[in-house]
Amino acid sequence: MSRQSTVSDDSVPNRSSVAASAGLGVFAAAIGYLLTYLLIGAEVRQNLDGEVASWKGVAWYFYEAHMVDIEATRQAGSFGGTGILNLIAESNSASADVLYVLPPLVLFAVGAFLAVRWETTDLGDAVMAGAPVTIGYAVVLGLGAVVAEANTEASVWGIETTSSIGPTLLPAIVLGGILYPLVFATVGAAIATAINGQ
């Protein structure tokens, strides 16, 4: 007679729990973006003045809050240049510096939620609860970096000018999409697990 497992469906980790963690990674990215919009949206709309969609401008702040560079490239005929914008540092909003804290807090909360939900009791389970958040988060930040790029073209006195502004793709995926959730969601799960074990 085979022995039946006594582990409940809510315990960590199996394939469905990895998928749930990845789904919460998508949720965490969406919540972080929405909170960024609430904090800085008015300033973005005022500064862009309809030249670029405000949701893209807010996305630039969201990526910069993950320490991802926002790159501006301009080309006029055979002359061009690239620069890095410092949106948060140059912001007039009193709440702009709070943006740096949002991604870690949201990811920490998601990791802690998963550990509490699955009643993790050891560090290995905490890592298995928090680390897969990276999957969903990286997908959102990778795709978001592509769609948040704004491109414009114009012709002045017969000279073609082009410009683009957007997050740098590789840092958006590696730094914002992988390292941030891997660290903060896992730490949140580990701390919640330590509290669960008391």
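Scroll up for the structure.
None of these values were measured; they are calculated from a predicted model.

Participant: Explain the packing of aromatic side chains here, please?
Facilitator: Given two aromatic rings, one states the distance between the centres and the angle between the planes to describe the pair. Taken as a whole, this structure holds four aromatic pairs when the rule is applied. With centroids separated by 6.1 Å and ring planes inclined at 85°, the aromatic side chains of tyrosine 33 and phenylalanine 62 adopt a geometry described as edge-to-face. Here the residue tyrosine 33 occupies a position in helix α1 (residues 15-48), and phenylalanine 62 occupies one in helix α2 (residues 54-64), the gap between them amounting to 29 residues.

Participant: Got a minute to help me understand the sheet that holds strand β3 (residues 150-156) in this structure?
Facilitator: What holds strands together in a sheet is hydrogen bonding between their backbones, with the strands either parallel or antiparallel. A sheet is described by the order of its strands in space; here four strands give the open sequence β2-β1-β4-β3, paired in antiparallel fashion. Bordering the open sheet on either side are β2 (79-85) and β3, each of which pairs with just one other strand. When strand polarity is set aside, the average angle formed by the axes of neighbouring strands in this sheet is 10°. Bridge analysis of strand β1 (residues 70-76) against β2 gives seven bridges, and the strand direction is antiparallel. For alanine 76, the partnering residue across the bridge sits in β2 and is phenylalanine 79.

Participant: Help me understand a nonpolar patch on the surface, please; the structure alone is not making it clear to me.
Facilitator: Together, Leu170, Val174, Ile178, Leu179, Leu182, Val183, Val187, Ile191 and Ile195 give the surface a local cluster of nonpolar side chains, amounting to about 730 Å² of exposed area. Examined against the element boundaries, leucine 170 turns out to sit in helix α6 (residues 169-196).

Participant: Looking at this structure, I do not really get the packing of helix α5 (residues 133-147) against α6. What am I missing?
Facilitator: Two elements in contact, α5 and α6, have axes separated by 8 Å at closest approach and are oriented at 155°. Our classification of the angle between α5 and α6 gives roughly antiparallel. Crossing of α5 over α6 shows right-handed handedness. Within the contact between the two elements, α5 uses Val133, Thr134, Tyr137, Ala138, Leu141, Gly142, Ala145 and Val146 and α6 uses Leu169, Ala172, Ile173, Gly176, Gly177, Ile178, Pro181, Leu182 and Ala185. Across the contact of α5 with α6, the residue classes break down as 13 nonpolar, four polar and no charged.

Participant: I keep staring at the environment of threonine 162 and nothing clicks. Help me out?
Facilitator: Assignment of secondary structure puts threonine 162 in strand β4 (residues 159-167). Once you skip the residues sitting within four places of it in the chain, threonine 162 turns out to touch Thr73, Arg74, Gln75, Thr152 and Glu153.

The rules behind the values
- Numbering of residues begins from 1 in every chain and follows the order in which that chain's sequence is written.
- In keeping with the model being predicted, local features are shown solely for residues with a pLDDT of at least 70 and side-chain atom pairs are shown and tallied solely at 80 or more, while totals for entire chains, interfaces and linings include all residues.
- For side-chain calculations, the full set of non-hydrogen atoms in the structure is used, while hydrogens and water are omitted.
- Working definition: a ring pair exists when centres of Phe, Tyr or Trp rings (six-membered ring for Trp) sit within 6.5 Å. Plane angles under 30 degrees give stacked, over 60 give edge-to-face, the rest tilted.
- In this description a helix means any DSSP run of H or I spanning at least four residues, a strand means any run of E spanning at least two, and both kinds are numbered starting from the N terminus.
- When DSSP finds at least two bridges between two strands, those strands are taken to pair.
- Lines are fitted to the C-alpha atoms to define the axes, a helix being fitted only along its stretch in contact, and any angle between axes, read from their N-to-C directions, falls within 0 to 180 degrees.
- Patch membership requires over 30% relative accessible area and the absence of a salt bridge. Like charges are linked within 9 Å, and nonpolar side chains (Val, Leu, Ile, Met, Phe, Trp, Tyr) within 5 Å.
- For the area figures, the Shrake-Rupley method with a 1.4 Å probe applies, and any residue is considered shielded solely by the protein chains shown.
- For this document, the term salt bridge refers to a Lys or Arg side-chain nitrogen within 4 Å of an Asp or Glu carboxyl oxygen.
- Here the angle decides the label: under 35 degrees means roughly parallel, over 145 means roughly antiparallel, 65 to 115 means roughly perpendicular, and every other value means oblique.
- The hand of a helix crossing depends on one turn: near helix anticlockwise from the far one by less than a right angle means left-handed, and clockwise means right-handed.
- Residues count as neighbours in contact if any of their non-hydrogen atoms are within 4.5 Å of one another.
- Ten residue types, Ala, Val, Leu, Ile, Met, Phe, Trp, Tyr, Cys and Pro, are classed as nonpolar, four, Asp, Glu, Lys and Arg, as charged, and the remainder, Gly among them, as polar.

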